[in-house]
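Residues per chain, in single letters:
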Amino acid sequence: MARKKIALIGAGMIGGTLAHLAAQKELGDVVLFDIAEGIPEGKGLDIAESSPVDGYDSRLKGTQDYKDIADADVCIVTAGVARKPGMSRDDLLGINLKVMKSVGEGIKAHAPNALVICITNPLDAMVWALQKFSGLPKEKVVGMAGILDSARFRYFLAEEFDVSVESVTAFVLGGHGDTMVPLERYSTVAGIPLPDLVEMGWTTQDKINSIIDRTRKGGGEIVALLKTGSAYYAPAASAIQMAESYLRDKKLVVPCAAYLSGEYGLNDLYVGVPIVLGSGGCERIVQVNFTAEEKAMFENSVGAVRELMDACIKLDPSLG
Ligand SMILES: NC(=O)C1=CN([C@@H]2O[C@H](COP(=O)(O)OP(=O)(O)OC[C@H]3O[C@@H](n4cnc5c(N)ncnc54)[C@H](O)[C@@H]3O)[C@@H](O)[C@H]2O)C=CC1
Ligand SMILES: O=C([O-])CC(=O)C(=O)O
């Protein structure tokens, strides 16, 4: 059976990490596409030269030609710019919107049957624009943010409870920004929801509140430390989990930016919600019940996403 093909559009910090992980996991052959000459070729060759040591047979190719992504099964998009200290994700909108247009056209022309996973920020607005520019089916275009935000939440909770990260589940929904919605009632240790753990006296509400605050600012914490760019190991791991769920039809239930048409009472926008991710792409949107407080937080987050979409339409009226 022929190998699957994974196209990475953008071969920067996340793109290179994605290539390494995809090859190590033998998800398929990897094409790194970037406008920067030499970078995708160099990273592809460097990773390929590690394959005899690590023992995997994925092939890697770097390119500046969209023809090389032909018939890819998965395209993961990180093309664009990342923020530096002092910037918000939203400051990237103008530059990255133009990038989404060229990437969308490239994918439409050469890999129209792929599952497209967008990572470029500001995520919810960029995945929405990318779907429109590419014209691919909405269930085949998804955004990565919720798995990352939930992983940060899980990691901080595991530290607090001094338990395995594997025993902690969490759902962070909403837009990928300061308004994101970490859901306490749907986050657990061994299936026990956080409010019950507070009641049992294993932690305090104050500690949970500060973990939620740290989760919301998790991206900025890394930017402040790195100074030259933003997080890439955890974002890449999160997107690879999505690609794997699609390619192996695992049907993981994961929070992703998905296109809503009526779910949660919302239309024509992408925002973070739990989805079933299988060989059909976004196979189901899971509509969880919200308390009044959770609903207000989710709506506030949706409002922030809509503002960014409006800003996109102002810059490119074809999106309207
Ligand atoms: N959704 C999420 O949870 C996260 C999103 N991000 C976002 O992911 C994006 C990528 O981050 P990094 O890999 O760290 O950035 P990076 O700057 O290391 O890599 C971006 C790459 O895109 C390339 N590029 C620029 N314009 C292009 C075009 N038109 N076509 C193809 N390639 C193009 C650049 O040459 C560069 O190699 C940023 O927008 C960042 O904010 C980062 C972390 C998490
Ligand atoms: O914070 C950033 O700019 C990158 C990002 O989205 C994250 O790490 O969550």
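Every value quoted in this text rests on a predicted model; they were computed, and no experiment measured them.

Whenever I open this one, the UniProt feature "active site" (unreviewed entry) in the protein chain confuses me. Can you help?
As annotated by UniProt and renumbered to match this structure, "active site" (unreviewed entry) occupies His176. Note that His176 resides in the loop between strand 8 (172–173) and strand 9 (181–182). For His176, the contacting residues outside a window of four places in its chain are Arg89, Asn121, Leu123, Asp124, Ala145, Leu148 and Asp149.

Whenever I open this one, the pairing of strand 3 (residues 60–63) confuses me. Can you help?
Regular strands place side chains that alternate from one sheet face to the opposite one. Pairing of strand 2 (residues 29–33) with strand 3 involves 4 bridges; the strand directions are parallel. Considered in strand 3, the bridge of Val31 is made with Lys61.

Just checking my understanding: could you explain the packing of helix 4 (residues 123–134) against helix 10 (residues 292–315) for this structure?
Any two packed helices are characterised by how steeply their axes cross, that is the angle between the axes, and by the distance between the axes. Contact geometry for helix 4 and helix 10: axes closest at 8 Å, N-to-C directions at 50°. When the axis of helix 4 is compared with that of helix 10, the two are oblique. Relative to helix 10, the crossing made by helix 4 is right-handed. Counted together, Asp124, Ala125, Met126 and Trp128 of helix 4 and Val305, Leu308, Met309, Cys312 and Ile313 of helix 10 form the full contact between these two elements. Counted by class, the contact of helix 4 with helix 10 contains 8 nonpolar, no polar and 1 charged residues.

Looking at this structure, I do not really get the pattern of salt bridges. What am I missing?
Opposite charge on two side chains lets them pair, provided their charged atoms get close. All chains considered together, the criterion is met by 14 salt bridges. Lys217 serves as the salt-bridge partner of Asp213, at 3.1 Å between the closest nitrogen and oxygen. Here the salt bridges do not stand alone but share partners, grouping Arg3, Asp29 and Arg59 into one network.

Help me out: how do you make sense of the site of ligand 1 in this one?
Around ligand 1 sit 27 residues, and of these Met13, Ile14, Asp34, Val81 and Met144 come closest. At 3.0 Å, a side-chain N or O of Asn121 approaches an oxygen atom of ligand 1. Relative to its unbound accessible surface of 860 Å², ligand 1 loses 87% to contact with the protein. Those elements that provide at least two residues to the shell around ligand 1 are helix 1 (13–24) and helix 3 (93–110). When residues in the shell around ligand 1 are grouped by element, the largest group, 3 residues, is from helix 3. Taken together, the residues of the shell around ligand 1 sort by class into 17 nonpolar, 9 polar and 1 charged.

Quick question: what am I supposed to make of a negative patch on the surface here?
Together, Asp90, Asp91, Asp178, Glu307 and Asp310 make up a region of like negative charge exposed at the surface. On the secondary structure map, Asp90 appears in the loop between strand 4 (74–77) and helix 3.

Explain unusual backbone geometry here, please?
Glycine aside, residues mostly have negative phi, and peptide bonds are mostly found in the trans state. With an omega dihedral of -5°, the bond running from Asn121 to Pro122 counts as a cis peptide bond. By secondary structure assignment, the location of Pro122 is in the loop between strand 5 (115–118) and helix 4. At Asp71, a residue that is not glycine, the phi angle is positive and equals roughly 60°.

For this particular structure, what's the right way to read the site of ligand 2?
All residues in the neighbourhood of ligand 2 are listed as Arg83, Arg89, Asn121, Leu148, Arg152, His176, Gly219, Ser230 and Ala231. Within the contact set of ligand 2, an oxygen atom lies 2.8 Å away from a side-chain nitrogen or oxygen of Arg89.

What's the story with the side chain of Asp34 in this structure? I'm lost.
Summarising the element assignment, Asp34 is placed in the loop between strand 2 and helix 2 (39–54). Buried charge without a salt bridge: Asp34, with Lys43 as the nearest opposite-charge side chain at an N-O distance of 7.2 Å. A polar contact is formed between the side chain of Asp34 and the backbone nitrogen of Ala11, at a distance of 2.7 Å. Side-chain polar atoms of Asp34 contact the backbone nitrogen of Ala36, separated by 2.9 Å.

Just checking my understanding: could you explain the sheet that holds strand 7 (residues 168–169) for this structure?
The strand order across the open sheet built from 3 strands is 7-10-11, with neighbouring strands paired in antiparallel fashion. The sheet terminates laterally at strand 7 and strand 11 (192–193), the two strands that pair on one side only. Here strand 10 (residues 188–189) runs beside strand 11; their pairing, made up of 2 bridges, is antiparallel. Along strand 11, the bridge assignment pairs Val189 with Ile192.

Even after reading the chapter, I still don't get the pairing of strand 14 (residues 281–285), so can you show me in this structure?
Examined bridge by bridge, strand 13 (residues 267–278) and strand 14 share 4 bridges and lie antiparallel to one another. Residue Val276 lies in a different strand from strand 14, and its bridge partner there is Arg284. Remark: 2 residues form the turn of the hairpin made by strand 13 and strand 14, two consecutive strands paired antiparallel.

How do you make sense of the packing of aromatic side chains when you look at a structure like this?
The geometry of two aromatic rings is summed up by the distance between their centres and the angle between their planes. Applying the stated criterion across every chain, the model contains 8 aromatic pairs. When the ring of Tyr232 is compared with that of Tyr233, the centres are 4.7 Å apart and the planes differ by 35°; the resulting orientation is tilted. Where Phe290 meets Phe298, the ring centres are 5.0 Å apart and the plane angle is 40°; that geometry is what we call tilted. Taken together, Tyr264, Phe290 and Phe298 form an aromatic cluster joined through their ring pairs. Sitting over the face of the ring of Tyr259, Lys138 holds its NZ or CZ atom 4.9 Å from the ring centroid.

Procedures and definitions
Residues numbered from 1 in each chain as written. Chains lettered and ligands numbered in written order. Predicted model: local features only at pLDDT ≥ 70, side-chain atom pairs only at ≥ 80, totals over all residues. Heavy atoms only, no water. UniProt positions renumbered as here; feature names shortened; annotations may be inferred. Helix = DSSP H or I, 4+ residues; strand = E, 2+ residues; numbered from the N terminus. Contact = heavy atoms within 4.5 Å. Pairing = 2+ DSSP bridges. Axes fitted to C-alpha atoms, helices over the stretch in contact; angles between N-to-C directions. Parallel < 35°, antiparallel > 145°, perpendicular 65-115°, else oblique. Left-handed = near helix turned anticlockwise from the far one by under 90°. Nonpolar A, V, L, I, M, F, W, Y, C, P; charged D, E, K, R; others polar. Salt bridge = Lys/Arg side-chain N within 4 Å of Asp/Glu carboxyl O. Near = heavy atom within 4 Å. Polar contact = N/O pair within 3.5 Å; in protein donor to acceptor, adjacent residues only side chain to side chain. Areas by Shrake-Rupley, 256 points an atom, 1.4 Å probe, with all protein chains shown as cover. Patch = residues over 30% accessible without salt bridge, like charges linked within 9 Å, V, L, I, M, F, W, Y side chains within 5 Å. Lys, Arg positive; Asp, Glu negative; His and termini not counted. Charge placed at Lys NZ, Arg CZ, Asp CG, Glu CD. Buried < 20%, exposed > 50% of the residue type's maximum accessible area, 1.4 Å probe, protein only. Phe/Tyr/Trp six-rings, centres within 6.5 Å; stacked < 30°, edge-to-face > 60°. Lys NZ or Arg CZ within 6 Å of the ring centre and 35° of its normal.

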